[in-house]
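Inside the fold
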Amino acid sequence: MKSKRIGLRILGLALTVALSGLQAFAQNASTNQNGNNNVKTDSRMLYHNGEVIHLTPNVYIVWYGFWGSDIATQLILADFIAGIGSTPYFQINSTYPDGSGHTPNGATIYAGAGVDPYSHGVELTASDIQGIVADAILGGQVPLDPSAIYLVFASPDVASTATGFCIPNAPPHHGYGVVNGSTFRYGFVGHAMRCPVIAASQFEAQYDGSHLPTPNGNLGADAMASTLAHVLNAIVTDPLGDAWFDRYGLENADKCAGTYGQTYLTANGARANVRTSRRDFLIQQNWVNGRKGRCALSQ
């Protein structure tokens, strides 16, 4: 059933606009962009009686592969995790209650990180990603925290075709595993520089394939921040795959893939749409759950 639902999600997202639509966005990003015109956004979100993360989750990172020369990307992504929970953007997830009426509180805490130099090779499956998190917990690099979110960030030489990474329109992978009888929730974010035409398309110029300025001057980190926003939104509202998704199998952020809403110009000439406590970012919108659901940057 789990694999069937993942298949439905990928099939649903295959209905999103072609890459050229995202490239057009990069040239004209000052107003609302509807990069997902073909996604079934007329379908309301449905609750399937599962849990949501309604307490403030600690977020732990496992830096997988080789990151020794990419400290700047690590700092930007850690800043994003530390700051996104204080934004109106992440408060959108509070529109997703569980069966008892508890809702995500729109907060996150960056709680620490571990490293893993290729213990599962350079081509990862979902089982490999689960194993990376389990190894980090059992090895004492990060604690076992049943209420936490664990994120695996891969270096540019690491692929994960089995989970959809670098496949156009495939949603980022998230899931769950078990360590010492406790369930943990995790997400995977591959490095955007492995396939920038796909993973960083929002910053690609339309005609010559060059890249536009990015808010933090780091193409890989700025593109990964948008993927990270997507996977965090999905984990918080559907951590075990049995809570919130529509009849096509699309989770909240899946319905807004490739859309960025109203943007503003940063000092370095880049477009951005969300400001955290320390940085600007250009991240995809999220789905506001309601009678008239919509993609937005706040409730």
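What comes next is a walk through the structure.

Cut-off values and rules
Residues numbered from 1 in each chain as written. Predicted model: local features only at pLDDT ≥ 70, side-chain atom pairs only at ≥ 80, totals over all residues. Heavy atoms only, no water. Axes fitted to C-alpha atoms, helices over the stretch in contact; angles between N-to-C directions. Helix = DSSP H or I, 4+ residues; strand = E, 2+ residues; numbered from the N terminus. Left-handed = near helix turned anticlockwise from the far one by under 90°. Contact = heavy atoms within 4.5 Å. Nonpolar A, V, L, I, M, F, W, Y, C, P; charged D, E, K, R; others polar. Buried < 20%, exposed > 50% of the residue type's maximum accessible area, 1.4 Å probe, protein only. Salt bridge = Lys/Arg side-chain N within 4 Å of Asp/Glu carboxyl O. Expected span 1.5 Å × (residues − 1). Phe/Tyr/Trp six-rings, centres within 6.5 Å; stacked < 30°, edge-to-face > 60°.

1. Points about the packing of helix α3 (residues 71-84) against helix α6 (residues 219-237)
How two helices sit against one another is set out by the angle between their axes and by the gap between those axes. Where α3 contacts α6, the axes come no closer than 10 Å and their chain directions differ by 35°. Where α3 crosses over α6, the handedness of that crossing is right-handed. When α3 is examined against α6, the residues T73, I76, L77, F80, I81 and I84 are found in contact with a partner set consisting of A221, M224, A225, L228, A229 and L232. Taken together, the residues that form the contact of α3 with α6 break down as eleven nonpolar, one polar and no charged.

2. A look at the environment of H211
Of note, H211 is situated in the loop between α5 (196-199) and α6. We classify H211 as partly exposed; its relative accessible area is 34%. Between the C-alpha atoms of H211 and V197, which are 14 residues apart in sequence, the distance is 9.5 Å. Residues in contact with H211, not counting those within four places in the same chain, are P196, A200, F203, E204, A205 and L219.

3. Re the pattern of salt bridges
Applying the stated criterion across every chain, the model contains five salt bridges. A salt bridge links E51 to R185, with the shortest nitrogen-to-oxygen separation between them at 2.4 Å. Taken together, the residues E51 in the loop between β1 (46-47) and β2 (58-64) and R185 in strand β6 (residues 182-189) connect sequence positions 134 residues apart. Residue classification places R185 among the buried positions, given a relative accessible area of 6%. When salt bridges that share partners are traced, they join D79, R278 and R279 into one network.

4. Thoughts on helix α4 (residues 126-138)
The end-to-end C-alpha distance of α4, which contains 13 residues, comes to 18 Å, matching closely the 18 Å that a straight helix rising 1.5 Å per residue would cover. Where α4 is buried, its residues meet β2, β3 (109-116), β4 (149-154), β5 (174-179) and β6. With its phi angle positive at about 80°, G140 sits one or two positions after the end of α4.

5. With respect to the packing of aromatic side chains
This structure, assessed with the given rule, holds ten aromatic pairs. When the centroid spacing of 4.9 Å and the interplanar angle of 80° are considered together, the rings of F80 and F281 count as edge-to-face. Taken together, the residues F80 in helix α3 and F281 in strand β11 (residues 280-281) connect sequence positions 201 residues apart. The buried category is assigned to F80, whose relative accessible area is 0%. Given a relative accessible area of 0%, F281 falls into the buried group. Both rings, one in Y96 and one in W244, keep their centres 5.4 Å apart while their planes meet at 85°; by these two values the pair is edge-to-face. Of the two residues, Y96 sits in the loop between α3 and β3 while W244 sits in strand β7 (residues 244-245), which places them 148 residues apart along the sequence. You'll find Y96 and W244 in the same group, each marked buried. These aromatic residues form a ring-pair network of at least three members: Y60, Y150, F184 and Y186.

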